[in-house]
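Understanding the architecture of this molecule
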Amino acid sequence: MRFPEDVPELRDDLITLRAHTLADADDVYELCQDPEMQRWTVIPVPYERSDAQFFLTELVPNGWREEHGTRQWAIEVDGRFSGSVSLHGGEGGVGEIGFSVGPWVRGRGVMTRAAKLAIRHAFDDLGWSRVIWRAFVGNWASRRVAWKAGFRGLVVVPGGGMARGVRYDEWVATVGRDDELEPQGNWWSVPELEGDGIRLRAPRPADAQRVMEACSDERTQYWLAGLPSPYELHHAEQFIEGRTEARATGEGVSWTIADPDTDELIGNVSIFAMLNRMDKGHGEIGYWMHPAGRGKSVMTKAVRLVIEHAFTPIEQGGLGRRRLVLLAAVDNTASAHVAEANGFHRVGVARAAAPGREGRWDDDYVFDLLAGDPRP
């Protein structure tokens, strides 16, 4: 294939995919200075202007000229180069997609649009039957684009990717010719919830120290027997990262209860178990407090805000739950009070199936709340 003469131009009402030109060099160089671009891709670091020239004069043209080379398009938005999207391989009707987008157009859906244009080209014009997406584990922006474009069947390949001589775990998912290029399942957002003098927000990496303090606390350790002991900073970091994973899979949503003056974490409330196959409207609620937040009725108020959001229909920005379940250890009177103060009904006891920490067999009260139940 000749370059640039035979590069097909693909477009929608916002973006154009076209052949790269030397006029893109300054924007390519700027994009490749972006810390996120350097963190998640295999570009040289440091990235020099000569690297941009090599990309535009050698890598891109040669990819188009090879039979199963890498077909790379420039993404143009408002007349400016704003990233690249590529298709690689295609032997046997299966190939891979790759993409990058400039910080100056992020948040406008540009990358999802570009990915869908390239995928449709792969299916409709190149005759592919399946497209593969890969990203290093932790690249949530890329994973969200893949989710929006209809990729499914995500798996983790330990050590599957490599950048600059270092191996990284890799996410891999695919989409087929007959699949809808639309999201599968829910990727929940975490809206800020405010009321009655408290504020709930999304967990942040900066919360890790406070999470460690809360989950190392003797009282928290006593009632949450599944916590690691000792609870260290890396456990807190894993907890926060896991909240993003839960949102991305549709499994659950967590909020940090933030001090209204300092924004420091003083607790956590989560809705989880939302992928219950027996009840699509199900959710379970759980919570814990940092010692600094106790004794102020904060948790009762926080849970009330979360319940309202959980029962709000999805089309109105909520979680669309119909039933919430809450478990509280039989002797944990503080947790049971939070449940009852928010209208939960005690419906039974869940017998402990195995001993917890220190050999205790802690039965749980089971509380239940339906969307239509009266609440205080």
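Overview of the structure. Please read these numbers as outputs of a predicted model, since none were measured by experiment.

1. Topic: the overall build of the chain
When helices and strands are counted, the chain shows 10 helices and 16 strands. Seen along its three principal axes, the alpha-carbon backbone of the chain occupies a region of about 75 × 40 × 40 Å. Expressed as a percentage of the 376 residues in the chain, the buried residues total 48%. Considering only contacts in the chain between residues 6 or more positions apart, those separated by 24 or more positions represent 61%. Accessible surface for the chain amounts to roughly 18,400 Å². Of this, 50% is attributable to carbon and sulfur atoms. Taking the average location of the 43 positive side-chain charges in the chain and that of its 56 negative ones, the two points are 3 Å from each other.

2. Some words on the side chain of T112
Relative to the helices and strands, T112 is located in helix α4 (residues 110-124). Once residues lying within four places of it in the same chain are set aside, the contact partners of T112 are V145 and K148.

3. Topic: the packing of helix α6 (residues 208-216) against helix α8 (residues 233-249)
It is the contact of α6 with α8, at a shortest axis distance of 8 Å, that shows an interaxial angle of 110°. When the axes of α6 and α8 are compared, the pair comes out roughly perpendicular. Where α6 crosses over α8, the handedness of that crossing is right-handed. Where α6 abuts α8, its residues A208, Q209, V211 and M212 lie against L233, A236, E237, F239 and I240. Within the contact of α6 with α8, the residues separate by chemical class into seven nonpolar, one polar and one charged.

4. Looking at the environment of R322
Relative to the helices and strands, R322 resides in the loop between α9 (298-311) and β14 (323-329). It is 5.9 Å that separates the C-alpha atoms of R322 and L370, two residues lying 48 residues apart in sequence. Once residues lying within four places of it in the same chain are set aside, the contact partners of R322 are D279, K280, G281, F311, L369, L370 and A371.

5. What about the sheet that holds strand β1 (residues 10-11)?
What the eight strands build is an open sheet, ordered β1-β2-β3-β4-β5-β6-β8-β7; its pairing is mixed. Looking at strand neighbours, the two that pair on one side only are β1 and β7 (152-163), the edges of this open sheet. Relative to strand β6 (residues 130-136), strand β5 (residues 94-101) runs parallel, the two being bridged by four bridges. Across the sheet, residue G95 finds its bridge partner in β6, namely V131. The strands touched by helix α3 (residues 49-65) are β3 (70-77) and β4 (80-89); relative to β3, the strand with the most contacts, the crossing angle is about 125°.

6. With respect to α8
Spanning 17 residues, α8 covers 25 Å between terminal C-alpha atoms, matching the ideal 24 Å at 1.5 Å per step. Residues of α8 that are buried make contact with α5 (140-148), α6, β11 (253-258), β12 (265-272) and β13 (282-289). Phi for G250, located one or two positions after α8, is positive at around 85°.

7. Details of the pairing of β3
Moving residue by residue along a regular strand, the side chains alternate between the two faces of the sheet. Of all eight residues in β3, six are buried; the element is thus mostly enclosed. Across four bridges, strand β2 (residues 15-18) lies against β3 in antiparallel orientation. Each bridged residue has a counterpart across the sheet, and for L17 the counterpart in β3 is I75. Direction of pairing for β3 relative to β4: antiparallel, over a ladder of seven bridges. What sits directly across from R71, in β4, is L87. Between β3 and the antiparallel strand that follows it, β4, lie two residues; D78 among them carries a positive phi value of about 55°.

8. Thoughts on the sheet that holds strand β15 (residues 345-350)
The eight strands lie next to each other as β9-β10-β11-β12-β13-β14-β16-β15, forming an open sheet whose pairing is mixed. On the outer flanks of this sheet lie β9 (193-195) and β15, each paired with one strand and no other. Averaged over all pairs of adjacent strands, the angle between strand axes in this sheet comes to 25°, irrespective of strand direction. Helix-sheet contacts for α6 involve β12 and β13, and the interaxial angle to β13 is about 85°.

9. Considerations on the packing of aromatic side chains
All told, the structure shown has eight aromatic pairs when counted by the stated rule. Ring geometry for W147 and W187: centres 5.6 Å apart, planes at 50°, overall tilted. You can see W147 sitting in helix α5 and its partner W187 sitting in the loop between β8 (166-176) and β9, a full 40 residues away along the chain. Assigned by exposure class, W147 and W187 land together as buried. One aromatic cluster is present, built from ring pairs that chain together W140, W147, W171 and W187. When the ring centre of W104 is taken as reference, the NZ or CZ atom of R80 above it lies at 3.9 Å. Above the face of the W171 ring, R143 is positioned so that its terminal group lies 4.7 Å from the ring centre.

10. Digging into the side chain of R199
Within the secondary structure, R199 sits in strand β10 (residues 198-201). R199 sits in the buried class, given a relative accessible area of 15%. Within the structure, the side chain of R199 is placed 3.2 Å from the side chain of E192, a separation counted as a polar contact.

11. Describing a nonpolar patch on the surface
Together, V137, L154 and V156 make up an exposed nonpolar region whose accessible area comes to about 210 Å². Within the element layout of this structure, V156 appears in strand β7.

So, how was this worked out
- Residues numbered from 1 in each chain as written.
- Predicted model: local features only at pLDDT ≥ 70, side-chain atom pairs only at ≥ 80, totals over all residues.
- Heavy atoms only, no water.
- Helix = DSSP H or I, 4+ residues; strand = E, 2+ residues; numbered from the N terminus.
- Buried < 20%, exposed > 50% of the residue type's maximum accessible area, 1.4 Å probe, protein only.
- Contact = heavy atoms within 4.5 Å.
- Areas by Shrake-Rupley, 256 points an atom, 1.4 Å probe, with all protein chains shown as cover.
- Lys, Arg positive; Asp, Glu negative; His and termini not counted.
- Charge placed at Lys NZ, Arg CZ, Asp CG, Glu CD.
- Axes fitted to C-alpha atoms, helices over the stretch in contact; angles between N-to-C directions.
- Parallel < 35°, antiparallel > 145°, perpendicular 65-115°, else oblique.
- Left-handed = near helix turned anticlockwise from the far one by under 90°.
- Nonpolar A, V, L, I, M, F, W, Y, C, P; charged D, E, K, R; others polar.
- Pairing = 2+ DSSP bridges.
- Expected span 1.5 Å × (residues − 1).
- Phe/Tyr/Trp six-rings, centres within 6.5 Å; stacked < 30°, edge-to-face > 60°.
- Lys NZ or Arg CZ within 6 Å of the ring centre and 35° of its normal.
- Polar contact = N/O pair within 3.5 Å; in protein donor to acceptor, adjacent residues only side chain to side chain.
- Patch = residues over 30% accessible without salt bridge, like charges linked within 9 Å, V, L, I, M, F, W, Y side chains within 5 Å.
- Salt bridge = Lys/Arg side-chain N within 4 Å of Asp/Glu carboxyl O.

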